[in-house]
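Coordinate inspection notes
So you can see what is in the structure, the chains are spelled out below.
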Amino acid sequence: MRYPPGMFLFGRERERAAIAEALAACRVVVLVGPPGIGKSALAASFCVDRPALWIDASGSLAAEALSGATTGRRDVAELVVIDNIGADEPLARVRDVIDRALVPALLTCRQPLGGGLTHLEIAPLSPSAGAALLRAHIAHPARAAMTPTAELMRLSTALGGLP
């Protein structure tokens with residue numbers, strides 16, 4: 001999943017800063033949260049201004065998806081992103097993949113992977129960030145301007161803060 005450079009990400013400034021800080025301190029960071037919380041979008045947004053190798057694991061680290069990809073050549077990527085690691089993926093296999101990478105790794109997973117890795121729990125959007133996201137996606141500009149922020153915040157809260 002790649003998002004265009006102009007993609008808007010609402011209410012995730014602290015998380016982006018936390019990713020940068022964590023990657024400066026260690027080689028591997030795991031974004032953890034329930035489906036739809038925005039882990040992949042956050043990872044994609046983090047990669048917009050840096051060359052990254054994106055691997056969609058879609059539940060398993062299939063050998064064909066990783067064949068040669070995780071050498072992490074520094075002239076190609078500053079970061080390896082492995083998106084959608086399944087909770088049933090053996091930690092030893094995940095470690096093998098990231099150990100072969102010559103660059104830092106950002107992983108997304110629904111459950112913590114354990115094993116001493118640095119995990120960042122991704123929380124639901126705040127009502128105000130959810131309202132901003134909803135306002136940006138209302139199709140008609142006049143309708144967006146007329147919709148009260150409080151109404152959008154209630155809708156965002158009803159949706160559980162999921163983007």
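Just so you know, these numbers come straight off a predicted model, no measurement behind them.

Scanning the chain for helices and strands turns up seven helices and five strands. Going residue by residue from the N terminus, the α and β elements of the chain occur as α-β-α-β-α-β-α-β-β-α-α-α. Here the chain holds 163 residues, and the buried ones make up 39% of them. Within the chain, contacts between residues separated by at least 24 positions form 77% of all contacts whose residues are at least 6 apart in sequence. Carbon and sulfur atoms provide 59% of the accessible area of the chain, an area that totals close to 8,600 Å².

Looking at the element boundaries, R12 is found in the segment before α1 (13-25). Only 2.7 Å separates the side chain of R12 from the backbone oxygen of A123, close enough to count as a polar contact.

Using the criterion set out here, one finds zero aromatic pairs in the structure. Its guanidinium or amino end placed over the ring of F46, R50 lies 3.9 Å from that ring's centre, counting from NZ or CZ.

Turning next to helix α4 (residues 91-100). Regarding α4, the residues found buried are V94, V97 and I98. Along α4, the residues classed as buried sweep out an arc of 90° about the axis, all on the same side. Exposed side chains of α4 directed beyond 90 degrees from the buried face belong to A92 and D99.

Two numbers describe how helix α5 (residues 127-137) lies on helix α7 (residues 149-158): the axes approach to 8 Å, and their chain directions differ by 105°. By the angle between their directions, the pair α5 and α7 is classed as roughly perpendicular. Residues P127, S128, G130, A131, L134 and R135 of α5 lie in contact with α7, whose contacting residues are T149, L152, M153, L155, S156 and T157. Its residues assigned to classes, the contact of α5 with α7 shows six nonpolar, five polar and one charged.

Turning our eyes to something else, we now look at the packing of α1 against helix α2 (residues 39-47). The geometry of α1 relative to α2 is characterised by a closest axis approach of 10 Å and an angle of 65° between their N-to-C directions. As the angle between them shows, α1 and α2 are arranged roughly perpendicular. Here α1 runs over α2; the crossing is right-handed. Residues E15, R16, I19, A20 and L23 of α1 pack against L42, S45 and F46 of α2.

The rules behind these values
- Residues numbered from 1 in each chain as written.
- Predicted model: local features only at pLDDT ≥ 70, side-chain atom pairs only at ≥ 80, totals over all residues.
- Heavy atoms only, no water.
- Helix = DSSP H or I, 4+ residues; strand = E, 2+ residues; numbered from the N terminus.
- Buried < 20%, exposed > 50% of the residue type's maximum accessible area, 1.4 Å probe, protein only.
- Contact = heavy atoms within 4.5 Å.
- Areas by Shrake-Rupley, 256 points an atom, 1.4 Å probe, with all protein chains shown as cover.
- Polar contact = N/O pair within 3.5 Å; in protein donor to acceptor, adjacent residues only side chain to side chain.
- Phe/Tyr/Trp six-rings, centres within 6.5 Å; stacked < 30°, edge-to-face > 60°.
- Lys NZ or Arg CZ within 6 Å of the ring centre and 35° of its normal.
- Arc of directions from axis to C-beta.
- Axes fitted to C-alpha atoms, helices over the stretch in contact; angles between N-to-C directions.
- Parallel < 35°, antiparallel > 145°, perpendicular 65-115°, else oblique.
- Nonpolar A, V, L, I, M, F, W, Y, C, P; charged D, E, K, R; others polar.
- Left-handed = near helix turned anticlockwise from the far one by under 90°.

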